[in-house]
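Spelled out, the chains give:
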Amino acid sequence: MTHIVALLLAAGFGRRFDHTGRTSKLLAPLGTSSVACTSAAALQTAGLPVYAVVRPQPRALHDALSATGAHLIESERAAQGMGFSIADGIAAIRQLTPMPDGVLICLADMPFIPASLYQQCASALDADHPIVAPSYAGQRGHPVGFWRSEFAALAALDGDAGAGRLLKNQTPTLIDTDCAAVLQDIDQPADLPPAPSS
């Protein structure tokens, strides 16, 4: 049985959500939880161990994610771009014993992806399909899964393009889905559903 883990990227600044940086979109309320914790909970429901990449600050996000059972990976280089966050996360995952067979790289600001979609992507990942991703209406979405054969390349990433460099060189196996949430992130306050009226 393959062992797949989730690398939850939660180290961004979210400047489009609040240009002052005072409000964290990942801690924005969503139902009875928050954006980041809802994302982490879906992954855990899918049966995936969650390793969340965070900046050294703010500690409130650390506390919230830790409370969900996520393992935290602090990235001192996160401010330099998503590529560094991924590289630091993969470096930590490669130190696990036993090392996982693969990883789903997930975004903490995409809280509407259901556990069933994460399970589907994890199940599709193997040595013959070393990169997998969902596709909605012909557009590739998230998460993106990588087999362990890709770990070295992921650990060498830098800059702000994330894993896009690898996806330009290799064609991922696409999983067609009718789940629009694979394209739906929280970018601005208007992207959050309205709070229920009291």
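All values reported here derive from a predicted model rather than from experimental measurement.

Undergrad: Talk me through the packing of helix 1 (residues 35-45) against helix 4 (residues 115-124); I want residue IDs and the actual numbers.
TA: Interaxial distance between helix 1 and helix 4 falls to 8 Å at its minimum, and their mutual angle equals 55 degrees. Taken as axis vectors, helix 1 and helix 4 run oblique relative to one another. The element helix 1 and its partner helix 4 pack so that their crossing is right-handed. Along its contact with helix 1, which presents Ala 42, Leu 43 and Thr 45, the element helix 4 presents Ala 115, Tyr 118 and Gln 119. Of the residues contributing to the contact of helix 1 with helix 4, the split by class is four nonpolar, two polar and no charged.

Undergrad: Which residues make up the nonpolar core, and what are the values?
TA: Grouped together as the largest cluster of nonpolar side chains are 64 residues, with contacts concentrated most on Leu 7, Leu 65, Phe 146 and Leu 154. The element that contributes the greatest number of residues to this core is strand 1 (residues 4-9), accounting for six residues. If sequence neighbours within four positions are ignored, Leu 7 has contacts with Tyr 51, Val 53, Ile 73, Ile 86, Gly 89, Ile 90, Ile 93, Val 103, Leu 104, Ile 105 and Cys 106.

Undergrad: Would you mind going over helix 1 in detail, with residue names and values included?
TA: Among the residues of helix 1, those classed as buried are Val 35, Ala 36, Cys 37, Ser 39, Ala 40, Ala 42 and Leu 43. Two residues or fewer past helix 1, Gly 47 is found with a positive phi of approximately 85 degrees.

Undergrad: Account for the pattern of salt bridges, naming residues and giving values.
TA: This structure, assessed with the given rule, holds four salt bridges. Of the charged contacts in the structure, one is a salt bridge between Lys 25 and Asp 109, with a shortest N-O distance of 2.8 Å. One end of the pair, Lys 25, is in the loop between strand 1 and strand 2 (29-30); the other, Asp 109, is in the loop between strand 6 (102-107) and helix 4, and 84 residues separate them in sequence. For Arg 59, the salt bridge is made with Glu 74, and the minimal N-O distance between the two is 3.1 Å. Note that Arg 59 is positioned in helix 2 (residues 59-67) and Glu 74 in strand 5 (residues 71-74), a separation of 15 residues in sequence.

Undergrad: So what's going on with helix 3 (residues 82-93)? Residues and values would help.
TA: A rise of 1.5 Å per residue sets the reference length of helix 3, with its 12 residues, at 16 Å; its end C-alpha atoms lie 16 Å apart and thus fit the reference within 8%. Counting buried positions along helix 3 gives nine out of 12 residues, so the element sits mostly inside the fold. Those residues of helix 3 hidden inside the fold are in contact with strand 1, strand 4 (50-54), strand 5, strand 6 and helix 5 (151-155).

Here is what the cut-offs are and how they apply
- Residues numbered from 1 in each chain as written.
- Predicted model: local features only at pLDDT ≥ 70, side-chain atom pairs only at ≥ 80, totals over all residues.
- Heavy atoms only, no water.
- Axes fitted to C-alpha atoms, helices over the stretch in contact; angles between N-to-C directions.
- Helix = DSSP H or I, 4+ residues; strand = E, 2+ residues; numbered from the N terminus.
- Parallel < 35°, antiparallel > 145°, perpendicular 65-115°, else oblique.
- Left-handed = near helix turned anticlockwise from the far one by under 90°.
- Contact = heavy atoms within 4.5 Å.
- Nonpolar A, V, L, I, M, F, W, Y, C, P; charged D, E, K, R; others polar.
- Core = buried A, V, L, I, M, F, W, Y, C linked by side-chain atoms within 4.5 Å.
- Buried < 20%, exposed > 50% of the residue type's maximum accessible area, 1.4 Å probe, protein only.
- Salt bridge = Lys/Arg side-chain N within 4 Å of Asp/Glu carboxyl O.
- Expected span 1.5 Å × (residues − 1).

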